Amino acid sequence: AAGTLIVGGGQAGFQVAASLREAGYADPVVLIGDEPGLPYQRPPLSKAYLAGKTDAEGLNLRPASYLAEHRIAHRPGTRAARIDRDARRLILADGESLPYDHLVLATGARNRDLPVPGADLAGVRQLRGLADADRLREAIGAAERVVVVGAGFIGLEFAAVAAAHGLAVTVIEAAARPMARAVSAETGAFFRAAHEGWGVRFAFSAGVTAIEGTDGRATGVRLAEGDVLPADLILVGIGVVPNAELAAEAGLAVADGVRVDAFLATEDPAISALGDCARFPSAFATGLGRDDTVRIESVQNAIDQGRCLAARLAGRPAPYGAVPWFWSDQGRHKLQIAGLAGPDDASVLRGSGDAFSVFRFRGGILRAVESVNRAADHMVARRLLAAGTPLTPEQAADPGLDLKALAT
Ligand code: FAD
């Protein structure tokens, strides 16, 4: 048998391989990825690793011995170029072709480029992989003035680390508040104030029209209003584009991600997709988009989908339905999110000061809970959302409500 061939050696691809072996799958498992080295976790790249608090080895998901012991044939530095669906073969960039019984697309996402003149100047950086983080660690040591384009999770985590290094940091954001796509106005306001307390400045509702430079090096960021913010390091964090080209060129359905069904299968029964690159139907996305499908960029999603897909390939199919959850560490504050909220969902606040949760309702139904320095609320919220326990906004607003009792 040709077994399972996994494209993408990140969080999701590795999880499929590991879970296949845990599930007793006996056929070959081949894991190819275009990055060098062992599969590793990305979250510390904008947190502890960026801050110099952990080394590269500490990022690895498992040591090399694990892959050998579990007969996972890992081929780093290997790029997939094309899928031959009729022959069930994957063609690599160097022309070699590999057979498969089942092909798994776990190709993740790449950063969106800033579409303005000067975006290719030296000093303009992104953060996705270990190589980016290594370059940024060095750059932080040499920089003085930093501009972050995009007040999303990665931009804000980077800003917190750079500010702690004593750099002057300005964050430019097109929306009117931080993390506008993902969190409530209340949570956004808390993090804005926290960052301002660390010396970070913000420009909201602001557009970038150009990166200015001399001798090939960036010197500043030009705003739509005409001002130029001087900068010797510019971090662009304006979202990602799913790596769906392999699927699209093979004639599979793609729409901001590879389209899969509830079992993470594409319309070709021999090809599945998961993780950051995949768009799937989810009850948690009800009312968020046009068709109740979603593409989620999180470690939880990559791991739980990896387990779900491996179970199916090992003969125990079940639809994917895990509660989405996510975290972000910014300075000393921990944000945890359970469920999926939209920008227009109603907010109910519990707690105050540095420790609170925002319960988000859509159509009168609890859809998500954002917890700031309230880990216990986050755990309860995951249980409430998993069980579909009814909770009204009025109950959530009652400080006397025993949340924990409700979830047991
Ligand atoms: P990836 O981890 O991106 O892996 C995909 C791999 O496929 C990559 O190595 C890519 O190079 C490779 N690849 C792509 N195309 C090809 C090809 N044609 N041939 C071969 N290989 C290919 N999530 C959280 O939940 N909490 C956090 O705090 C958090 N922080 C993050 C911080 C940073 C800086 C980043 C970048 C992400 C963070 N995330 C966080 C998101 C999380 O890391 C991702 O959701 C997760 O890595 C997705 O896993 P994946 O396997 O789908 O994609």
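Placed above this text is the structure.
Because the structure is predicted, anything quoted here is derived from the model rather than measured.

**Student:** Help me get a handle on the overall build of the protein, residues and values and all.
**Tutor:** Of regular secondary structure, the protein possesses 10 helices and 26 strands. Its C-alpha atoms give the protein a radius of gyration of 22 Å, near enough to 22 Å, the size a compact globule of 408 residues would have. Oriented by its inertia axes, the alpha-carbon framework of the protein measures out at about 60 × 60 × 40 Å. Considering the protein as a whole, with its 408 residues, one finds that 51% of them fall into the buried category. Partitioning the contacts of the protein with sequence separation of at least 6, the portion at a separation of at least 24 is 61%. Per element, the accessible surface of the protein, about 17,400 Å² overall, is 52% carbon and sulfur. Each charge class in the protein can be summarised by its mean position, and for the 42 positive and 47 negative side chains these summaries are 3 Å apart.

**Student:** A description of the pairing of strand E25 (residues 355–362) should follow, citing residues and the corresponding values.
**Tutor:** On a regular strand, each side chain points to the face opposite its neighbour's, so the side chains alternate between the two faces of the sheet. Across the 8 residues that make up E25, a large majority, 7, are buried. Of the pairings in the sheet, the one linking strand E24 (residues 346–352) to E25 comprises 7 bridges and is antiparallel in character. Looking at E25, one finds that Val348 is bridged to Phe359. Once E24 ends, the chain turns through 2 residues before running back antiparallel as E25, passing Gly353 with a positive phi of about 65°. In terms of strand pairing, E25 meets strand E26 (residues 365–372) through 7 bridges, oriented antiparallel. By the bridge assignment, Phe361 is partnered in E26 with Leu366. Between E25 and E26, which pair antiparallel and follow one another directly, the connecting turn spans 2 residues, one of which, Gly363, has a positive phi of 60°.

**Student:** Mind laying out the site of the ligand, listing which residues take part and the relevant values?
**Tutor:** As a structural note, the neighbourhood of the ligand is formed by 31 residues, with Asp34, Glu35, Lys47, Arg128 and Asp276 the closest of them. Within the side chain of Glu35, a nitrogen or oxygen atom sits 2.5 Å from an oxygen atom of the ligand. Contacts to the ligand include Val299, whose backbone N or O atom sits 3.0 Å from an oxygen atom. Put simply, the parts of the chain that give the shell around the ligand at least two residues each are helix H1 (11–22), helix H7 (299–313) and strand E22 (325–330). Looking at side-chain class alone, the shell around the ligand contains 12 nonpolar, 11 polar and 8 charged residues. Each of domain 1 (4–110 + 240–313) and domain 2 (113–236) accounts for three or more of the residues forming the shell around the ligand.

**Student:** Break down the packing of aromatic side chains for me, with residues and values.
**Tutor:** The tally for this structure, following the rule as stated, stands at 7 aromatic pairs. Plain terms: the ring middles of Phe202 and Phe204 are 5.0 Å apart, the flat faces sit at 10° to each other, and that makes the pair stacked. The buried category is assigned to Phe202, whose relative accessible area is 16%. By relative accessible area, which is 16% here, Phe204 ends up buried. Each ring, one from Phe280 and one from Tyr320, has its centre 5.6 Å from the other, and the planes form 80°; the classification is edge-to-face. Of this pair, Phe280 sits in strand E20 (residues 278–281) while Tyr320 sits in the loop between H7 and E22, and the two are 40 residues apart along the sequence. When sorted by exposure, Phe280 lands in the same class as Tyr320, which is buried. The rings of Phe190, Phe191 and Phe356 are connected pair by pair, giving a single aromatic cluster. Sitting over the face of the ring of Tyr66, Arg62 holds its NZ or CZ atom 5.0 Å from the ring centroid.

**Student:** Which residues make up the sheet that holds strand E9 (residues 124–125), and what values do they have?
**Tutor:** Judged by pairing direction, the sheet is parallel, and its 5 strands sit side by side in the order E9-E16-E10-E11-E12 without closing on themselves. Edge positions in the sheet fall to E9 and strand E12 (201–203), since each has one partner strand and no second. In this sheet, strand E16 (residues 233–236) lies alongside strand E10 (residues 145–149) in parallel orientation, the contact comprising 4 bridges. Counted as the bridge partner of Val147 is Ile234 from E16.

**Student:** Can you lay out the pattern of salt bridges for me, pointing to particular residues and giving the numbers?
**Tutor:** Tallied over the full model, the rule gives 20 salt bridges. For Glu297, the salt bridge goes to Arg295, with nearest N and O atoms at 3.1 Å. Judged by relative accessible area, Arg295 falls into the buried class, the value being 13%. A salt bridge links Lys334 to Asp329; the nearest nitrogen and oxygen atoms lie 2.9 Å apart.

**Student:** Provide a residue-level description of the environment of Ala180, including the pertinent values.
**Tutor:** Its place among the elements puts Ala180 in the loop between strand E11 (168–172) and helix H5 (185–197). Taking the C-alpha atoms as reference points, Ala180 and Arg135, separated by 45 residues in sequence, lie 28 Å from one another.

**Student:** So, helix H4 (residues 153–164): which residues are in play, and what are the values?
**Tutor:** Given 3.6 residues per turn, any residue in an α-helix points the same way as the ones three and four places further on. For H4, with 12 residues, the first-to-last C-alpha span of 17 Å sits near the 16 Å given by 1.5 Å per residue. The element H4 is largely enclosed, with a buried count of 10 among its 12 residues. Looking only at H4, the buried set comprises Phe153, Gly155, Leu156, Glu157, Phe158, Ala159, Ala160, Val161, Ala162 and Ala163. Positive phi shows up at Gly166, right after H4, with a value of about 90°.

Reading guide: rules and limits
Residues numbered from 1 in each chain as written. Predicted model: local features only at pLDDT ≥ 70, side-chain atom pairs only at ≥ 80, totals over all residues. Heavy atoms only, no water. Helix = DSSP H or I, 4+ residues; strand = E, 2+ residues; numbered from the N terminus. Rg over C-alpha atoms; globule rule 2.2 N^0.38 Å. Buried < 20%, exposed > 50% of the residue type's maximum accessible area, 1.4 Å probe, protein only. Contact = heavy atoms within 4.5 Å. Areas by Shrake-Rupley, 256 points an atom, 1.4 Å probe, with all protein chains shown as cover. Lys, Arg positive; Asp, Glu negative; His and termini not counted. Charge placed at Lys NZ, Arg CZ, Asp CG, Glu CD. Pairing = 2+ DSSP bridges. Near = heavy atom within 4 Å. Polar contact = N/O pair within 3.5 Å; in protein donor to acceptor, adjacent residues only side chain to side chain. Nonpolar A, V, L, I, M, F, W, Y, C, P; charged D, E, K, R; others polar. Domains from an automatic or database assignment. Phe/Tyr/Trp six-rings, centres within 6.5 Å; stacked < 30°, edge-to-face > 60°. Lys NZ or Arg CZ within 6 Å of the ring centre and 35° of its normal. Salt bridge = Lys/Arg side-chain N within 4 Å of Asp/Glu carboxyl O. Expected span 1.5 Å × (residues − 1).

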